[in-house]
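Overview (structure and organization)
Residue-level listing of the chains:
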Amino acid sequence: MGISNSPTFLVAWLLLVFQVIAYTTISSETLRAIPAPGDDFDIKNGTLLAPILQPRVPGTPGSIKVQNHFIDFFKTSLPKWHISIQNSTSKTPATGKKEIPFVNLIMSRDPPWATPGEVSRLTLVAHYDSKLTPTDFIGATDSAAPCAMLMHAARTLDSALTKKWEAMQAEGLGEGGFEDVEDQGGIQVIFLDGEEAFVSWTNEDSLYGARSLAAEMESTFYPATSTYHNQLSSISLFVLLDLLGAPRPRVPSYFKTTHWAYKKLAGLEAHFRDLSAFTSSGGSWFPDVNKDEDRWMGGMVQDDHVPFMARGVEVLHLIPTPFPRVWHQVDDDGEHLDMKTVADWSVLITAFAAEWMDLDGFFDTADGTKGNKEPNNKDSHRVVGRTEFQNLSSPRILRGRSKMAPHIQIPLLPTPNHPLIDTATAIPQLCKDSIFDYMPPFILNNVDAIFILIIAIANMFLILSYALENSTLRKENAVLAQALMDEEMAAMGMASRYRPEDELSDWQTSADEMSGIEAEFHRGNVPSTANEGSTGTRKDRVREQECFQCLVGRGSIVAA
């Protein structure tokens, strides 16, 4: 049976179309409204970048200063963000038996109505530690600048997140009304410790913080009825920044399952350049945007994503290949950063997160006016719930994970993570005119019940197909059994004309009658069963068969 004719495939397609979060492509106005970091990235006095530009080997005073810099920034500038600290210790080849502390910082912000286990999070990640050698190594691209980029993104997104969620609450959503809201997305920024090797890169001498955090998140479970079963499964996308800040970077697309996200990022870069909003020179940073997905060769760079990807987390790795010239050199410092490239990376990462979080229209515009949206204006409405599919003026793309049946895996279900098709391009084209616009309210308001009905019907078809298949197999087995019996009879010089459908269960031959049949046979009055042309009644054929069985049992007929 072809895939296109499979009931399972049909159900998968229906689930894909319905169980998504719709969001708009970010507008030019919003891109222009995203601020550059400006003086905050000054390498001497900038409030974001300068405090990170110091040696920060795990367990040293420099590392503690940078940790405090992150914590103070989020406490004072972003008080609505939740700060959590994950600690671990480990021995290293450079320190012998001494346990070195590793401190991971997780800053997160969720919708105000969110409950544990019901929120997926876009996760932006960079490591903040620096190498033990060479002496006084700072690691500006590796990864002080990426950490500052994430701080800038968090600060820029914060007010837009507040406006969006307040607008949703103003529409009457919340306080018991969020069970039907699909927009349960939050965001988290993770600063990882211990990425660098102390001596040389091995599986044991590297990724100290990432390995510890991934294991802990995997074993931190949510309530059994939650959408996401642990902290790790709630990561919608793991975006890792590393070695960014050198001029003219070239970032490949490393993983096929997140190539769709790579193309979205490349599209944002092209949009910025079309608006002349980038300050750096050179061509596109994303050479694989038109990569042939049928000829995927794979390949990756070992980095902090490895422990997470090994546990099934989807990863978008933003690290240039080749590496910057200053990689692991003492001159990887603030003076060797290309500040225009650093600034452009900052606004690009912010724009990617803003589009992911569906924040178009919630930023203050470049002319200083407020970017508040009118929540009651259906043409500009972007908050799309499970029962709330409204017209969107901008082209839509589809993403997200089902909230209704998160633990049910449908075979052949195409998703952005395991696409049978390119869901980032094919599905929007399919839904170009928005299929939701043509659906009656009854369907939109009873989506849960319709899904259950569809699955029940699909299961019924599967059961019927299995029953038909078993019936066919039984018939085939009966034919095979008869063929084998015919062969055995032929080997004894006889041919059976007795078929299963000729069976007369209520017909019996008495012992006296069998004696008469034997006598008739010896006198030659009973037609030979070897004669395939014999035309007797059904009862005659049955009598012949029993006669032969009787004679064989008595030894009157001996097989050759």
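Computed from a predicted structure; not experimentally measured.

1. Comments concerning the overall build of the protein
A tally of helices and strands in the protein yields 13 helices and eight strands. By the burial criterion, 49% of the 560 residues in the protein qualify as buried. Carbon and sulfur atoms make up 55% of the accessible area of the protein, which amounts to about 26700 Å² in all.

2. Looking at the side chain of T341
Relative to the assigned elements, T341 resides in helix α8 (residues 339-356). Beyond its immediate chain neighbours, meaning those up to four positions away, T341 contacts A246, P247, R248, P249, S280 and W285.

3. Topic: the pairing of strand β3 (residues 100-109)
With nine of ten residues buried, β3 is to be regarded as a mostly interior element. Judged from the nine bridges that link them, strand β2 (residues 82-90) and β3 form a sheet pairing that is antiparallel. In the strand pairing of β3, N87 is matched with V103. Sheet topology note: the β3/strand β5 (residues 185-192) ladder contains five bridges and is antiparallel. Residue M107 lies in a different strand from β5, and its bridge partner there is V189.

4. Re the sheet that holds strand β6 (residues 235-241)
The six strands lie next to each other as β2-β3-β5-β4-β6-β7, forming an open sheet whose pairing is mixed. What marks the edges here is a single partner per strand, and that holds for β2 and β7 (315-318). Strand-to-strand, the axes of this sheet are offset by a mean angle of 20°, without reference to chain direction. Bridge count between strand β4 (residues 120-127) and β6: five bridges; the pairing is parallel. In the sheet register, T123 faces β6, and the bridge partner there is F238.

5. Remarks on the packing of aromatic side chains
All chains considered together, the criterion is met by 18 aromatic pairs. Seen from their ring centres, F102 and Y208 are 4.7 Å apart, and the 5° between their planes marks the pair as stacked. Here Y208 lies in helix α5 (residues 208-219) and F102 lies in strand β3, a separation of 106 residues in the sequence. In terms of burial, F102 and Y208 fall into one category: buried.

6. Some words on the pattern of salt bridges
All chains considered together, the criterion is met by eleven salt bridges. Put simply, E335 and K44 hold a salt bridge, and the shortest N to O gap is 3.1 Å. One end of the pair, E335, is in the loop between β7 and α8; the other, K44, is in the loop between α2 (28-33) and α3 (61-77), with 291 residues separating them in the sequence. Judged by relative accessible area, K44 falls into the exposed class, the value being 58%.

7. Considerations on the nonpolar core
Judged by nonpolar contacts, the single largest core of 76 residues is most densely connected at F70, F191, F286, L318, W345 and F352. For this core, the element with the highest residue contribution is helix α4 (residues 140-170), accounting for 15 residues. Aside from chain neighbours lying at most four places away, what touches F70 is I52, L105, M107, Y128, C147, M151 and F191. Ranked by size, the runner-up nonpolar core spans 21 residues in total, among them A210, L232, F238 and F255.

8. Some details on unusual backbone geometry
Generally, phi is negative for residues other than glycine and the peptide bonds are trans, each holding for most cases. Backbone torsion omega between D142 and S143 reads -5°, so that peptide bond is classified as cis. Residue position: S143 is located in helix α4. Phi is positive for D136, close to 65°, though the residue is something other than glycine. Mapped onto the fold, D136 is located in the loop between β4 and α4. Its identity as a non-glycine residue notwithstanding, D358 has a phi of 60°, on the positive side. Position of D358 among the secondary structure elements: in the loop between α8 and β8 (396-399).

9. A few points about the packing of helix α6 (residues 259-274) against α8
One way to put it is that α6 packs onto α8 with a least axis distance of 10 Å and a crossing angle of 120°. In terms of orientation, α6 lies oblique with respect to α8. Crossing angle aside, the handedness with which α6 passes α8 is right-handed. Counting all contacts with α6, which are made through W260, A261, K264, L265, L268, E269 and F272, the residues of α8 involved are V347, L348, A351, F352, E355 and W356. Classifying every residue of the contact of α6 with α8 by side-chain character gives ten nonpolar, no polar and three charged.

What counts as what
Residues numbered from 1 in each chain as written. Predicted model: local features only at pLDDT ≥ 70, side-chain atom pairs only at ≥ 80, totals over all residues. Heavy atoms only, no water. Helix = DSSP H or I, 4+ residues; strand = E, 2+ residues; numbered from the N terminus. Buried < 20%, exposed > 50% of the residue type's maximum accessible area, 1.4 Å probe, protein only. Areas by Shrake-Rupley, 256 points an atom, 1.4 Å probe, with all protein chains shown as cover. Contact = heavy atoms within 4.5 Å. Pairing = 2+ DSSP bridges. Axes fitted to C-alpha atoms, helices over the stretch in contact; angles between N-to-C directions. Phe/Tyr/Trp six-rings, centres within 6.5 Å; stacked < 30°, edge-to-face > 60°. Salt bridge = Lys/Arg side-chain N within 4 Å of Asp/Glu carboxyl O. Core = buried A, V, L, I, M, F, W, Y, C linked by side-chain atoms within 4.5 Å. Parallel < 35°, antiparallel > 145°, perpendicular 65-115°, else oblique. Left-handed = near helix turned anticlockwise from the far one by under 90°. Nonpolar A, V, L, I, M, F, W, Y, C, P; charged D, E, K, R; others polar.

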